[in-house]
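Take a look at the letters that make up each chain.
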Amino acid sequence: IPLYAFSKCTALSRVVLPEGVGHLAKGAFMGCTSLKEITLPESLRSIHDYGFENAGLREIRFLGDKHVYIDNYGVFENCPLSEESRREIERVKN
């Protein structure tokens, strides 16, 4: 998913990314305040800076058991993630 591809898109509430998506570039879903749920494919390898910063994201699901590189710079900053989602992130974090 390219740089800032869906940044500030308030029409998104739930996203299921298809298999084959390997990377979420910087700010891909930044500021998507209505985005509450996302399912990420097993093919995902990395989420870059500010990927979901200031999004309304509560639930995140990673398909598969592979590790994902998650940048340290604000990827989930100001997201009201559930405890289950926080555990899911730690499970796959490379």
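Before reading further, recall that the structure is shown in the block above.
Residues numbered from 1 in each chain as written. Predicted model: local features only at pLDDT ≥ 70, side-chain atom pairs only at ≥ 80, totals over all residues. Heavy atoms only, no water.

One pass over the structure, following the stated rule, counts 1 cavity of 30 Å³ or more. Looking at the largest cavity, its volume works out to about 50 Å³. In terms of lining residues, the largest cavity is bounded by Pro41, Glu42, Leu44, Arg45, Phe62, Leu63, Gly64, Asp65, Lys66, His67, Val68 and Val92. When its residues are assigned to classes, the lining of the largest cavity shows 6 nonpolar, 2 polar and 4 charged. (1 Å grid on protein atoms, 1.4 Å probe; cavity = no way out; pocket = protein on both sides within 12 Å on 5 of 7 lines; lining within 4 Å. Points joined across faces, edges and corners; volume = space filled by probe spheres on them. Nonpolar A, V, L, I, M, F, W, Y, C, P; charged D, E, K, R; others polar.)

On to the sheet that holds strand β4 (residues 46-47), then. Spatial strand order, β2-β4-β6: 3 strands in an open sheet with parallel pairing. Because the sheet does not close on itself, it has two edges, and the strands there are β2 (23-24) and β6 (69-70). Sheet topology note: the β2/β4 ladder contains 2 bridges and is parallel. Residue pairing across strands places His23 opposite Ser46, the latter belonging to β4. (Pairing = 2+ DSSP bridges. Helix = DSSP H or I, 4+ residues; strand = E, 2+ residues; numbered from the N terminus.)

This paragraph deals with the side chain of Ser82. When you line up the elements, Ser82 lands in the loop between β6 and α1 (83-92). Within the structure, the side chain of Ser82 is placed 3.3 Å from the side chain of Glu59, a separation counted as a polar contact. Engagement of the side chain of Ser82 in a polar contact is seen with the backbone nitrogen of Ser85, the distance being 3.1 Å. Beyond its immediate chain neighbours, meaning those up to four positions away, Ser82 contacts Arg58 and Glu59. (Polar contact = N/O pair within 3.5 Å; in protein donor to acceptor, adjacent residues only side chain to side chain. Contact = heavy atoms within 4.5 Å.)

Right, let's talk about the environment of Gly22 for a bit. Positionally, Gly22 belongs in the loop between β1 (14-16) and β2. Separated by 18 residues in sequence, Gly22 and Tyr4 place their C-alpha atoms 16 Å apart. Leaving out residues up to four positions away in the same chain, Gly22 has contacts with Ser43, Leu44, Arg45 and Ser46.

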